[in-house]
Amino acid sequence: MRNRWATFVALAVVAAALVAPGAASASTTEAIAGTGGMTLTMDGGASPLDIEVSLDSLGHITNVEVGGDSVDGDDAHRVRFSNEDDTTRVSVQAKNHKLAADVKAGALADILGVRVWSAPLFGSPDATTVTFEVIDNGGAPELVLGEDAVMTDDDVEYVVGEVKNEVEDDEAESSVKVTFTKDGYTMTLKIQASVESDDDDDDDDDDEGFTAKLKIVLRGKDMQNLRRVAFEEVAGERTWVGHLCDGTEVSVSYEIAEDGEITGITVGPEDIGHELKMMPHGFSVKFDDSKAKVTVDLKEKEDGTWDLKVRSKSTDKCNPSDDKDDKERGNSDKDDKERGNSDKDKKKDDDDDDDDDDDDDDEDED
């Protein structure tokens, strides 16, 4: 189902069935759900568009606004719509550890102009913004980010990657990644503009005539990874907070004592069923009748610095397809065995990103 709008001034998605966590079929990670959503402003140009996406605490799409009008979503993690004459199509997606918006148009001119993406990151009340411009470089799109392209909280570090421009035959693409970090957490924003011949749509009649595309994907995993830091940076009381699939908020509190021992492990609410498992370098908590789990690893390095890794699976495991995905990717058992191995975790993260890119392609073909 795709809804059509007379003009792209503003858009709202309010699907009553999606508001109740128990009724939704797809969720995002706590990192993505914690943003509460995002906005994409495309003022000016051939196809002006202003999208505001809202998520609930489990990461379900509950609202997408464009000037007060409203649209019903396809399901709990996707909303698609187009303008009245169907010359520009938009898909908003929220699932697992990504929140994305795809804009498809008939020509490069339709996606040119200054664009602004924004979302609150790492639990901040203020939105981080990234301003970029899509320009025409001899018929190929090119992304331009100025020196002040990124505005974020003072305690958030960020790196703007190199803009990569590729031209091959009748296809051209420009992309860039912005990586945000805070207190061991990482989120990545990828911006991509592309054009291709109408003959390269892989025989997808639904996309016939759409040769230009602007794609924005925010990724964030529920993992805190502090590496080789002073003991003072990991010592003291810490709390992890997550959700069960029915929306129940759960927490695990613990203290890293002066001798490096983990003590005072407390799980809340008090009456919540769970299994606590102690390990040589930390512990794990798995909640009964749920896929929610959190694992804490603490290690002292030879040089006297410390590694602290807190990795969790909660709301992102509420999706019905997760069991199948885990089996196919071989992650379920390996995750538990490899949590204390930083290098293996990094490789796994890279592999996950590759899987996400494949998922993105699948989403586009729907």
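Residues numbered from 1 in each chain as written. Predicted model: local features only at pLDDT ≥ 70, side-chain atom pairs only at ≥ 80, totals over all residues. Heavy atoms only, no water.

Once that is clear, we can look at the environment of P48. Turning to its location among the elements, P48 is positioned in the loop between β3 (37–42) and β4 (49–55). Overall, P48 belongs to the partly exposed group, its relative accessible area being 36%. Considering only alpha carbons, one finds P48 and G113, 65 residues apart in sequence, at a separation of 9.3 Å. (Helix = DSSP H or I, 4+ residues; strand = E, 2+ residues; numbered from the N terminus. Buried < 20%, exposed > 50% of the residue type's maximum accessible area, 1.4 Å probe, protein only.)

Time to look at the nonpolar core. Within the largest apolar cluster, 47 residues are counted, with the highest numbers of intra-cluster contacts made by W117, F180, I191 and L214. Counting residues per element, this core draws most heavily on strand β17 (residues 185–196), which supplies five residues. L214 has contacts with M42, A101, D102, V103, I111, R115, F132, V134, I191, Q192 and A193, leaving out every residue within four places of it along the chain. Listed in part, the 23 residues of the second largest apolar core include W240, V252, V267 and V310. (Core = buried A, V, L, I, M, F, W, Y, C linked by side-chain atoms within 4.5 Å. Contact = heavy atoms within 4.5 Å.)

Here we take up the sheet that holds strand β19 (residues 223–229). One open sheet accounts for five strands, arranged β19-β26-β25-β24-β23; its pairing is antiparallel. With partners counted over all chains shown, the strands left at the sheet margins are β19 and β23 (274–279), one partner each. The average undirected angle you get between the axes of adjacent strands in this sheet is 10 degrees. With five bridges joining them, strand β24 (residues 282–287) and strand β25 (residues 293–300) adopt antiparallel strand pairing. Paired with G282 across the bridge in β25 is D297. (Pairing = 2+ DSSP bridges. Axes fitted to C-alpha atoms, helices over the stretch in contact; angles between N-to-C directions.)

Let us now look at the state of the cysteines. Summed over the entire model, instances satisfying the criterion amount to one disulfide. C245 shares a disulfide with C318; S-S distance 2.2 Å. The disulfide joining C245 to C318 has a torsion of about -105 degrees about its S-S bond and is therefore left-handed. Remark: C318 occurs in the loop between β26 (306–313) and α3 (322–329) and C245 occurs in the loop between β20 (236–243) and β21 (249–256); sequence separation between them is 73 residues. (Disulfide = S-S within 2.5 Å.)

As a further point, take the pattern of salt bridges. Applying the stated criterion across every chain yields a total of four salt bridges. The salt bridge involving K182 is made with D155; its shortest N-O contact spans 3.1 Å. In this pair, K182 sits in strand β16 (residues 171–182) while D155 sits in the loop between β13 (150–151) and β14 (157–160), placing the two residues 27 residues apart along the sequence. For K182, a relative accessible area of 23% translates into the label partly exposed. Judged by relative accessible area, which is 45%, D155 ranks as partly exposed. (Salt bridge = Lys/Arg side-chain N within 4 Å of Asp/Glu carboxyl O.)

Attention now moves to the pairing of β3. Among the six residues that make up β3, five are buried, leaving the element largely enclosed by the rest of the structure. Note that β3 and strand β10 (residues 113–120) share three bridges and pair antiparallel. The residue bridging T41 from the neighbouring strand is V116, located in β10.

Before going further, it helps to examine the pairing of β26. Most of β26 is tucked away: eight of the eight residues are buried. Burial along β26 is two-sided: the residues W306, L308, V310 and S312 and D307, K309, R311 and K313 are all buried. Across five bridges, the pairing between β19 and β26 is antiparallel. Residue pairing for β26: M223 is matched across the bridge by R311. For β25 and β26, the ladder comprises eight bridges, and the chain directions are antiparallel. Bridging from a neighbouring strand, K299 pairs with D307 of β26.

Strand order across the open sheet formed by three strands is β20-β21-β22, with antiparallel pairing between neighbours. Pairing within the sheet leaves two strands with one partner each, and these edge strands are β20 and β22 (262–268). Neighbour-to-neighbour, the strand axes of the sheet open up by a mean angle of 15 degrees, direction not taken into account. Bridge count for β20 against β21 is eight bridges, and the pairing is antiparallel. What sits directly across from E237, in β21, is E255.

Quick look at the confidence of the model for the chain now. Summing up the model confidence of the chain, the mean pLDDT is 81 and the portion of residues at 70 or higher is 74%. Below a pLDDT of 50 lies the segment residues 1–25, which in the model reaches 94 contacts outside its immediate sequence neighbourhood of four places, other chains included. Within the model, pLDDT remains below 50 along residues 322–366, and this stretch shows 61 contacts once partners closer than five positions in the same chain are excluded. (pLDDT = per-residue confidence, 0-100.)

Here we take up a negative patch on the surface. A cluster of like negative charges, contributed by E166, E168, D169, D170 and E171, occupies part of the molecular surface. Position of D169 relative to the elements: it lies in the loop between β15 (164–168) and β16. On the accessibility criterion, D169 (75% relative accessible area) is exposed. (Patch = residues over 30% accessible without salt bridge, like charges linked within 9 Å, V, L, I, M, F, W, Y side chains within 5 Å. Areas by Shrake-Rupley, 256 points an atom, 1.4 Å probe, with all protein chains shown as cover. Lys, Arg positive; Asp, Glu negative; His and termini not counted. Charge placed at Lys NZ, Arg CZ, Asp CG, Glu CD.)

What follows covers unusual backbone geometry. Of the consecutive residues G268 and P269, the connecting peptide bond is found in the cis state with omega at 0 degrees. On the secondary structure map, P269 appears in the loop between β22 and β23. Here D169, not a glycine, exhibits a phi torsion of approximately 55 degrees, which is positive. Here D183, not a glycine, exhibits a phi torsion of approximately 50 degrees, which is positive. Residue D183 is classed as partly exposed on the basis of its relative accessible area of 45%.

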